[in-house]
Amino acid sequence: MRQSHQLPLLGLLLFSLIPRQLCEICEVSKNDYTDLNPLINTMINSKYTKGIQAANVLLSLRLGGILNQCQEQQLIQQVKLTVYYKASTLTSGQLALAILALGACKTPDETSIRYPNLVKNLRNKFKAEIKNMGKHNGNPLTNYYQLSLDVLALCLFRGKFSITQVAKIFEPENKNFYFKGQFSVDTGAMAVLALTCVKNITNGKKKTDMENLNNINNHIKSLIEKILSQKKENGLLGNIYSTGEAMQALFVSSDYYNESKWDCQQTLDTVIMEIHKGAFRIPTAAAQILPALMGKTYLNVNKDSPCVYGPGDFNISTVEPITATPPLSPSQIQVNYSVVIIKETHSTTVSVANGSVFLDVMEAAQKENATLFGFTVEERSWGPYITSVQGLTANNNNRTFWELLNNGQPLDQGVGSYIVHEGDNLEVRWSTY
């Protein structure tokens, strides 16, 4: 299954000019591409592939060279409509993701995409993030995952930003790399990709450039060490959903760790096994894992490079759309549900259809008592996200959010994807991070 990128003998003389990470990528071989079909079908057919989720999917499938031109144009139109008509409502990271997706490669009949305007808009949103950090104890409007996307897109699309500022804010011990005291692997991985891009465009001719390069190199090394410290016995990096971007980070930074620290093949095998277990039912989850499995990273984005189209190695079905949840069974199950705000707890037991997700339980409880269990939700790239319960709204400036738990354990899936079971003790808890 593993396919290594080997240097041709003729190129050995130029070895010192070639980044070492090009030799460290492992990927699913073409003979095993059928293992990736569930991911691709989820992205293309899911009813949830719309809006900003379409950007995730477009970026992933373009990097893999999987789409045909008709499928590509449909996704491009969705992303362009979102960017051009909802620009003011997009977060900085959402706009950065859209720019990366639209500019991942160049189509034969390249339609007009106003990259300079998009990049200028992104720069303004990034500056607003930094300004908010100055006013609110170092807290950005969104989070460091999105700030990393911002820097990556600005770097790849020649947007203006301060390298000194980037070197300063991405100090690895910054609290924004941590969530409830735990290092965030996907945030760290995205920062590594962004910092690697910045490092590659810094010429090092000025004294300040040398200082920034030294700081950036140290940041990358530290972040990679933190990512590898979260490696599980089965090879996953953090959890199943952070592993794809962590793999990308490790691909581009092999100079910063000993190869004995990470067995890429083990990680690859575990991810493939999880694919067949149905772990990636949400388009965004599928989109974030696919590039690494095909030996690609977000640093492969190049708006001037011709797009590659479907080679026919994949079996893309368009008959039965894959939804975020399996078909519901007519049987009912009993689930316990609580809202916890500091020391105040309100609980109930609701009946929902077998195969329901966390959100279904919350909706059932809300119908029972809107005062105690009322909530608001908005669509984000990972699906529905709880913004408030009992009128109490999550706030990035205060680092507050509504945490999802089952039997006292935090969940690594969202409210729209976590499938509940008979007797579960579900909880939404007002928390800080």
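Quick caveat, the model's predicted, so the values are computed rather than measured. (Residues numbered from 1 in each chain as written. Predicted model: local features only at pLDDT ≥ 70, side-chain atom pairs only at ≥ 80, totals over all residues. Heavy atoms only, no water.)

Trainee: Honestly, the overall build of the protein chain in this entry has me stumped. Any pointers?
Mentor: Tallying secondary structure elements over the protein chain gives 14 helices and 10 strands in all. Counting every position in the protein chain, which comprises 433 residues, the buried fraction comes to 53%. In the protein chain, of all internal contacts separated by at least 6 residues, the share reaching a separation of at least 24 is 71%. On the protein chain, roughly 20,000 Å² of surface is accessible, and the fraction owed to carbon and sulfur atoms is 50%. (Helix = DSSP H or I, 4+ residues; strand = E, 2+ residues; numbered from the N terminus. Buried < 20%, exposed > 50% of the residue type's maximum accessible area, 1.4 Å probe, protein only. Contact = heavy atoms within 4.5 Å. Areas by Shrake-Rupley, 256 points an atom, 1.4 Å probe, with all protein chains shown as cover.)

Trainee: Even after reading the chapter, I still don't get the pattern of salt bridges, so can you show me in this structure?
Mentor: Here the idea is simple: oppositely charged side chains can pair when their charged atoms come close. Taken as a whole, this structure holds seven salt bridges when the rule is applied. The closest approach of N and O atoms between K221 and E225, which form a salt bridge, is 2.7 Å. Taken together, the positions of K221 and E225, both in helix 9 (residues 207–229) and four residues apart, correspond to about one turn of that helix. By relative accessible area, which is 40% here, K221 ends up partly exposed. Under the relative-accessibility criterion, E225 is labelled partly exposed at 43%. For D304, the salt bridge goes to K303, with nearest N and O atoms at 3.6 Å. (Salt bridge = Lys/Arg side-chain N within 4 Å of Asp/Glu carboxyl O.)

Trainee: What is the right way to read the pairing of strand 4 (residues 344–353) from this model?
Mentor: The sheet contact formed by strand 3 (residues 332–341) and strand 4 spans 10 bridges and is antiparallel. Paired with Q332 across the bridge in strand 4 is A353. Once strand 3 ends, the chain turns through two residues before running back antiparallel as strand 4, passing I342 with a positive phi of about 60°. (Pairing = 2+ DSSP bridges.)

Trainee: Just checking my understanding: could you explain the sheet that holds strand 7 (residues 392–393) for this structure?
Mentor: Through backbone hydrogen bonds, the strands of a sheet pair up, either in parallel or in antiparallel fashion. Taken together, three strands build an open sheet; the order of strands is 5-6-7 and the sheet is antiparallel. Each edge of the sheet is formed by a strand with only one pairing partner; in this case those strands are strand 5 (375–380) and strand 7. Bridge count between strand 6 (residues 383–389) and strand 7: two bridges; the pairing is antiparallel. Paired with V389 across the two strands is L392, which belongs to strand 7.

Trainee: How should the sheet that holds strand 10 (residues 425–432) be read in this particular structure?
Mentor: Read from one edge of the open sheet, five strands run 4-3-10-8-9, paired in mixed fashion. Because the sheet does not close on itself, it has two edges, and the strands there are strand 4 and strand 9 (409–410). Note: strand 3 against strand 10, five bridges, orientation parallel. Within the sheet, the bridge partner assigned to V339 lies in strand 10 and is V428. Taken strand by strand, helix 13 (residues 358–368) contacts strand 3, strand 4, strand 8 (400–406) and strand 10, and its axis lies near 110° from that of strand 4. (Axes fitted to C-alpha atoms, helices over the stretch in contact; angles between N-to-C directions.)

Trainee: What is the right way to look at the packing of aromatic side chains in this model?
Mentor: Applying the stated rule across the entire model yields 15 aromatic pairs. For the pair W402 and W430, a centre-to-centre distance of 5.1 Å together with 55° between the ring planes defines the contact as tilted. Of this pair, W402 sits in strand 8 while W430 sits in strand 10, placing them 28 residues apart in sequence. A connected cluster of aromatic rings, assembled from ring pairs, spans Y144, F170, F177, Y178 and F183. (Phe/Tyr/Trp six-rings, centres within 6.5 Å; stacked < 30°, edge-to-face > 60°.)

Trainee: Honestly, the state of the cysteines in this entry has me stumped. Any pointers?
Mentor: Linking two cysteines covalently via their sulfur atoms produces the bond known as a disulfide. Applying the stated rule across the entire model yields three disulfides. The disulfide partner of C26 is C264, and the S-S distance across this bridge is 1.6 Å. Here C26 and C264 share a disulfide; its torsion about the S-S bond, -55°, makes the bridge left-handed. Taken together, the positions of C26 in the segment before helix 1 (37–45) and C264 in helix 11 (residues 264–276) put the pair 238 residues apart, joining distant regions of the chain. Across the pair, exposure class does not vary: C26 and C264 are buried alike. Each disulfide pairs two cysteine sulfurs, and for C155 the partner residue is C197, the sulfurs being separated by 2.1 Å. Taking the torsion about the S-S bond as the criterion, the C155 to C197 disulfide, at about -95°, is left-handed. Taken as a pair, C155 in helix 6 (residues 144–156) and C197 in helix 8 (residues 185–201) lie far apart in primary sequence, 42 residues in all. (Disulfide = S-S within 2.5 Å.)

Trainee: Mind showing me how you'd approach the nonpolar core here?
Mentor: Soluble, globular proteins show a tendency: their nonpolar side chains are buried together. In this structure, L36, L39, F170 and F280 are the most contacted members of the largest nonpolar core, which totals 104 residues. Formed by 26 residues, the second largest nonpolar core is a distinct cluster that contains I341, V357, A365 and V389. (Core = buried A, V, L, I, M, F, W, Y, C linked by side-chain atoms within 4.5 Å.)

Trainee: What should I look at first to understand helix 6 in this one?
Mentor: Residue pairs spaced three or four apart in an α-helix point in one direction, given the helix's 3.6 residues per turn. With 13 residues, helix 6 should reach 18 Å at 1.5 Å per residue; the first-to-last C-alpha distance of 18 Å fits that figure. Counting buried residues along helix 6, 12 of its 13 residues qualify, which places the element largely inside the surrounding structure. Along helix 6, the positions that sit buried rather than exposed are Y144, Y145, Q146, L147, S148, L149, D150, V151, L152, A153, L154 and C155. Buried residues belonging to helix 6 abut helix 4 (92–102), helix 5 (115–135), helix 7 (163–169), helix 8, helix 10 (243–251) and helix 12 (283–293). A distance of 3.2 Å separates the backbone nitrogen of Y145 from a side-chain oxygen at the start of helix 6, and that oxygen is part of N143. One or two steps after helix 6, the chain reaches R158, where phi turns positive at roughly 60°. (Expected span 1.5 Å × (residues − 1). Polar contact = N/O pair within 3.5 Å; in protein donor to acceptor, adjacent residues only side chain to side chain.)

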